[in-house]
Amino acid sequence: MSFKTNLEIEKMTCGGCAARVDRALSATEGVQDVSVNLAGETAQFTLDDKAMLKNAVDALDTAGYPARRGEMTLQIAGMNCGSCVGRVEQALAAVPGVLEVSVNLASETAHLRYLKGVTDRAELFTAAEAAGYPASLPDQEAGDSPSQSERKAEEARKLARDTVIAGALTLPVFVLAMGAHMIPAFHHWIEATIGTQTSWLIQFVLTTLVLVWPGRRFYRIGVPALLKRAPDMNSLVSVGTAAAYLYSLVATFAPALLPADNRAVYYEAAAVIVTLILLGRWLEARAKGRTGAAIQSLLDMQERTARVERDGAVTEIPAEALQTGDIVVVRPGERLPTDGAVIDGKTRIDESMLTGEPVPVEKTTGDTVTGGTVNGAGSLRFRATAVGRDTTLSQIIRMVEDAQGAKLPIQGLVDRITLWFVPAVMAAAALTVLVWLVFGPDPALTLALVAGVSVLIIACPCAMGLATPTSIMVGMGRAAQMGVLFRKGDALQQLGSVDIVALDKTGTVTQGRPELTELELAPGFARADVLARLAAVEARSEHPIAQAIVRAAENEGLSDKAELTDFTSITGFGVSAVVDGANVLVGADRLMEREGIDLGDHAETAASLARDGRTALFAAIDGQLAAVIGVADPVKPASRAAIAALHAQGLKVAMITGDREETAQAIARETGIDHVVAGVLPDGKLAAIDTLRGQGGKLAFVGDGINDAPALAQADVGIAIGTGTDVAIEAADVVLMSGDLRGVVNALTVSRRTMSNIRQNLFWAFGYNVALIPVAAGVLYPLTGLMLSPMLAAGAMALSSVFVLSNALRLRNIRPAMDERAPARDRASGLHTVPSPAE
C-alpha cells in the first residue's frame, strides 16, 4: 500500500542542494513522485510501503541533507508491569516516522525520537490508546494539569480507599471460609445456625461486590488486553480470580454439574487475591511517589514570586512573568527567583543546592547569582540574565529528568523477557491444570483449579519492570542532590565499571588560577617592557596562565594598553601578536623550536622550574628569546584526598596534560597520581586515552577546558567539572557542580551503589518467579502433600513489587563518599568515608 509523506530537510541552502536531495530520494528503491521545496525546506514523495521510509531517511543522511529530527516525551497511563512497557514501545514504534522509543515504567513516560513533518502527535495518542495505554502531554506542556507527584498522590488515595473497601467486604468472607476450615467447632456452628448454603450465598454476595467494585479495575484493563492477545498483569489477576469465582458459582448454584468430591467454593480466594493485590498496588504507588522526591525537592527550590523594579516602584510578580533584563530585589534570607548579575549590594549566598558546598559564597557587584540559591544577611539588586526554562535550575531539572528516563543497556534484556512473560505464565497455568487433571489424585479438578490459579497469581512481571527504572530514578535523583548530574543515562552503568580515571591537570587537579612566580630575563631585556608586552598579548586570551600574566602586570602598574595587532592563537603551542611594532611570541618550548629561536641555557632554567612544579613558558621579541616565565598553579585542597579515595575503590589514576613532563611529574608526586602523560596536544589526549584504555580496560576522563571536549567525548565516560566551560560540559556524560575531584568519588559511589541495587532487584524479581512458579504449580505436592494457596500466592506477588521499590528507595540514603561539608584538606586524611564499591 502506497504511503505519501513529507520530510523536513536540513542544510538545503541553494538550488543545487535541492537537486541533490531530489536525486538521492529518486534513486532510493520504493520512492516515487519526489518533489523538493527549497523555500519550505521540505521533500514530499510517495513510498511503496511505510517500511521503506527508513531507506529514504538513510539516503538523505548519506547525501548530507538529513531529515530533521525531533524529541518528545509523553505521559503514559495504565502501565503496571514490564510487559506493558514492551507493548507501549511496540505500538509507538509502529507509528510512521518514529525512530526510537524508550518507555519508563517507574516515571510512566515514553521518550521518542521522530522525523519532523512525518510523525503526528495525534497518531501517537491514537496508537497508545489502541494498545490500551492512553497518552497525554507531560506536565510542563499540559497547562494546568496536575503534576506527576500530585497524580501519584491521587492514585495512592484512590487505591487506599479501594483497599479499605475490599478489606471490609473480604473479612467476613475470609472468616466464614477459613474459620470453617481451620476450626471444626466453627464449622459445626455455621451448619447448625445459618447452614452451609447460606454461608456460601453470603460469601457470593460479598465477593461479587469486591470484584465489581474495587476489583473492577483488573477486569476493565485485563480483559481487553487479553482479547487483543496482549495480556498483562491485570489479565493474570482477572483470569485467576474469575476462575475461582466461576467455579464457586457452579458449586453454589449448580452443584449437580460437579462431582461430589469437587463441590467446594473459593470465594475467599478471589476476594483475598483482589484485596492483597490492591494493598500491594497502594504500597507501590506510595513508593513510586517517593522515587521522584529528588526532582520534587529541586522543583521546590523554584521561587514562586519575585520583586522587580518597574516604573520606579518595587512590585511583586509571579516568577514565571520575569523577563530578561528585569531588576530583581532580594531581601535577606530569601530564595533567588532566577539567574542574574549583581548590580548593587553585598551578601553571602548558600549555593549548596548546586555544588554540595555548604559554605556560603560572597557575592558583590558584577558577580553572577543562580535562581534557587538562598540569600544570606545582605540585600541584593540584580539584573535577570536567564528566566523560565533557561535558568540553571530548570536546566538541571530537565537534565536529571532526561537521565532518569533513560534506558540502561541492562534493561534491554529485561524488556525482551517481560514482553513474553505473561503469555508464558498463562501457558504454564494451562499446562499445570492439564497435568493435574490427567495425573493428579482425587479431587483432581479441585487441585487443578488451586494450582492453576496460584500460577496465574504468583507470577510478577511488575517487579521485573520496576527493578531497573526505580533504582535509576532514585539513584540519579540522589546524585543530583549531591551535585552530580548524569547527562546521559547509560553513563550510570558505564561509570560503575571503569578501571582507570584519567584527569586533566589545569582546573581539574589544580586550581586553574595560576600565578606568575618567575620572570627570568634574557640579557638586554627590561622587566617592565617585557611584562607589559606579554600582558598586552595575553589579555586577548582566556587561558588561566594568560590571566596570571595579566594580573601580574596589573599588580606592577603595567596594565596600560599597548597597540596590538595580528593576534593569533596557535593551538597547542601558544600565541603571537605585534605589540607596538614588535613581534611577540609566548608559548611552550615547542613553539620556540618551531620558530627557530635558540633557547640556550634557558632550557635548563625551564627544566628546573618544571621540576619544582612550575609551568615553564618562553617569550620571544622580534625573534630573540626575551624571558623564561614560571607560573605555579596550586593543587586544589581536595585533590590528594580524592585521588586516595579513588585508589581505595580499586582504581588507577592517570593525568593527561599538555604541560611539561617535569611539571606534571611534580604534581603527580604531590597528589599520588599513578601514571602521567605530559606534553600532549589536544589530539594527543585522544591517543593517550586509547593507549590507557588498551592497558587497563574502561576509562573515565575528567576535565574542564575547551581543549578537553574531544577527550571527554572519546572516553568511555566523560566527566566535566561544572565550573568549566560550556563546551566541555556539553561533551561530557557526567557533570560535577562542585569544582573539585571529590565529586568524581561521589559519582563513582552513586554509580556503583545504584548498579548494585539494580542487580539486587533483578535477582529478586527473576529468582522469585523461577523459585515460586513451580511451587505454585504443585511441584512439592508429591513430596509433602502441600499446595500453595492462591491467597498466599497473591500476598507474595503483591509484596514482590513492594520489595523492589523499597530496595530502590534505600538509595536515598547514599552518603557522599567524601563529605563535601567538611573543609577540603590537601592530605589523605581528607578522606572521610569510602564505602566498598558494592554497597
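Since the model is a prediction, treat every value here as computed from it, not as a measurement.

Novice: What am I meant to see in the side chain of S394 here?
Specialist: Along the chain, the position of S394 falls in helix α13 (residues 392-404). For S394, the side chain forms a polar contact with the main-chain oxygen of G388, separated by 2.9 Å. Among the polar contacts listed, one links the side chain of S394 to the side chain of T391, at a separation of 3.0 Å. Setting aside residues no more than four positions away along its own chain, S394 makes contact with Q302, G388 and R389.

Novice: Teacher, can you tell me more about the packing of helix α22 (residues 602-611) against helix α24 (residues 661-671) here?
Specialist: Packed helix pairs are specified by the crossing angle of their axes together with the interaxial distance, meaning the distance between the axes. Here α22 crosses α24 at 15 degrees, and the two axes come no closer than 7 Å. The angle between α22 and α24 places the two elements in the roughly parallel class. In this structure, α22 crosses over α24, and the sense of that crossing is right-handed. Of α24, the residues touching α22 (which contributes A607, A610 and R611) are E662, T663, A666 and R669. Broken down by class, the residue content of the contact of α22 with α24 amounts to three nonpolar, one polar and three charged.

Novice: What is the right way to look at helix α28 (residues 742-777) in this model?
Specialist: Every α-helical turn comprises 3.6 residues, leaving residues that sit three or four positions apart pointing alike. Given a rise of 1.5 Å per residue, 36 residues ought to cover 52 Å, and the 53 Å separating the end C-alpha atoms of α28 matches this to within 8%. After α28 finishes, the residue G778 shows a positive phi value of roughly 100 degrees.

Novice: Quick question: what am I supposed to make of the pattern of salt bridges here?
Specialist: Scanning the entire structure with this criterion turns up 25 salt bridges. Notably, a salt bridge pairs R157 with E154, separated by 2.6 Å at the nearest N-O pair. Taken as a pair, R157 and E154 lie in helix α5 (residues 148-182) at a separation of three residues, close to a single helical turn. What emerges from the salt-bridge pattern is a single network uniting R307, E316, R331 and E334.

Novice: Help me understand the UniProt feature "domain: HMA" (unreviewed entry) in the protein chain, please; the structure alone is not making it clear to me.
Specialist: Per the UniProt record, "domain: HMA" (unreviewed entry) is annotated on residues 3-68 and 70-136. The annotated region residues 70-136 carries 33% helix and 34% strand content, and the separation between its end C-alpha atoms amounts to 17 Å.

Novice: Would you take a moment to explain the environment of G179 for this structure?
Specialist: Checked against the element boundaries, G179 lands in helix α5. Assessed through its relative accessible area of 14%, G179 is described here as buried. Between the C-alpha atoms of G179 and L236, which are 57 residues apart in sequence, the distance is 28 Å. Leaving out residues up to four positions away in the same chain, G179 has contacts with F174 and F186.

Novice: Looking at this model, I keep getting lost on the pairing of strand β18 (residues 500-503). Mind explaining?
Specialist: Along any regular strand the residues' side chains alternate between the sheet's two faces. Along β18, one buried face is formed by I500 and A502 and the opposite face, lined by V501 and L503, is buried too. Relative to strand β27 (residues 699-703), β18 is paired through four bridges, and the arrangement is parallel. Bridge pairing in β27 links A502 to F701.

Rules of the game
- Residues numbered from 1 in each chain as written.
- Predicted model: local features only at pLDDT ≥ 70, side-chain atom pairs only at ≥ 80, totals over all residues.
- Heavy atoms only, no water.
- Helix = DSSP H or I, 4+ residues; strand = E, 2+ residues; numbered from the N terminus.
- Polar contact = N/O pair within 3.5 Å; in protein donor to acceptor, adjacent residues only side chain to side chain.
- Contact = heavy atoms within 4.5 Å.
- Axes fitted to C-alpha atoms, helices over the stretch in contact; angles between N-to-C directions.
- Parallel < 35°, antiparallel > 145°, perpendicular 65-115°, else oblique.
- Left-handed = near helix turned anticlockwise from the far one by under 90°.
- Nonpolar A, V, L, I, M, F, W, Y, C, P; charged D, E, K, R; others polar.
- Expected span 1.5 Å × (residues − 1).
- Salt bridge = Lys/Arg side-chain N within 4 Å of Asp/Glu carboxyl O.
- UniProt positions renumbered as here; feature names shortened; annotations may be inferred.
- Buried < 20%, exposed > 50% of the residue type's maximum accessible area, 1.4 Å probe, protein only.
- Pairing = 2+ DSSP bridges.

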